[in-house]
Amino acid sequence: MSNQIIDELEGKLQKSLGALKKDLSKVRTGVASMSLIEDIKVMYYNQPTSLNQVATIAVPDSRTITIQPWDSMVVSEIEKAIQKSDLGVNPMSDGKTIRLSFPKLTEERRKELTKLGSKMLEGTRVAMRNVRREINEKLKKMEKDKLLSKDDAFKQQEDVQKLTDRYIEMAEKTYSEKEKEILEI
């Protein structure tokens, strides 16, 4: 029974860590990346559609992303969607291909992005602590209902704490790698 609880905890912690990694991948660094635009939705036949479902996306160099729509009718919709997004770049189009050129980040912008990443990390820590609290409450309830002895409940809570600490450390490592990437000139 208690192994199920530890498995549940680990599953939830992995989801939190995965969400942090996905969020951090969308934070712009000095390098162009497809993850920056993968969540952009384009109106295609009056349906919000992912950009990668209506175009070929490529990163020809470290500062440029090219988007080549399969249907030339959607070029203007893609341009609008990119301008509405918070990328901070203006799309350049020749009618067939859209180019996104990412300028070098200023020192001020780099600091803003590290603060944003830090907020994401803190949100993940809070989420992980909430999961830990939820699991500990389940263990206390099991102890109260006599499904676990006091010693077993205490040991399980120690295991929960160790696992939570390990995942928080992994989240911090993920953030510090992203921070180095952002601050790299």
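Our subject is the structure that appears above.
What counts and how
- Residues numbered from 1 in each chain as written.
- Predicted model: local features only at pLDDT ≥ 70, side-chain atom pairs only at ≥ 80, totals over all residues.
- Heavy atoms only, no water.
- Helix = DSSP H or I, 4+ residues; strand = E, 2+ residues; numbered from the N terminus.
- Rg over C-alpha atoms; globule rule 2.2 N^0.38 Å.
- Buried < 20%, exposed > 50% of the residue type's maximum accessible area, 1.4 Å probe, protein only.
- Contact = heavy atoms within 4.5 Å.
- Salt bridge = Lys/Arg side-chain N within 4 Å of Asp/Glu carboxyl O.

S.K.: Give me the overall build of the protein: which residues, what numbers.
M.R.: What the protein contains, in helices and strands, is 4 helices and 6 strands. Listing the helices and strands of the protein from first to last along the sequence gives α-β-β-β-β-α-β-β-α-α. Over its C-alpha trace the protein gives a radius of gyration of 22 Å, far above what one expects of a compact globule, namely 16 Å for 185 residues. For the protein, the spread of C-alpha atoms along the principal axes amounts to about 70 × 40 × 20 Å.

S.K.: If you had to explain the side chain of threonine 66 to someone new, which residues and values would you point to?
M.R.: As for its placement among the helices and strands, threonine 66 is situated in strand E4 (residues 64-69). Residue class for threonine 66 comes out buried when judged on its relative accessible area of 13%. For threonine 66, the residues in contact, after removing those within four places along its chain, are Thr56, Ile57, Ala58, Pro60, Thr97, Ile98 and Arg99.

S.K.: Which residues make up the pattern of salt bridges, and what values do they have?
M.R.: Once the charged atoms of two side chains with opposite charge are near each other, the side chains can pair. All chains considered together, the criterion is met by 14 salt bridges. We note a salt bridge from glutamate 10 to arginine 166, for which the minimum N-O separation is 3.5 Å. Placement of glutamate 10 in helix H1 (residues 2-25) and of arginine 166 in helix H4 (residues 150-183) is noted, with a sequence separation of 156 residues between them. Of the residues examined, arginine 166 reaches a relative accessible area of 43% and is grouped as partly exposed. As a salt-bridge pair, arginine 125 and glutamate 122 come within 2.7 Å of each other at their nearest N and O atoms. With arginine 125 and glutamate 122 both in helix H3 (residues 107-144) and 3 residues apart, this pair spans about one turn of that helix. In this structure arginine 125 comes out as buried when scored by relative accessible area, which is 18%. When its relative accessible area of 33% is taken as the criterion, glutamate 122 is described as partly exposed.

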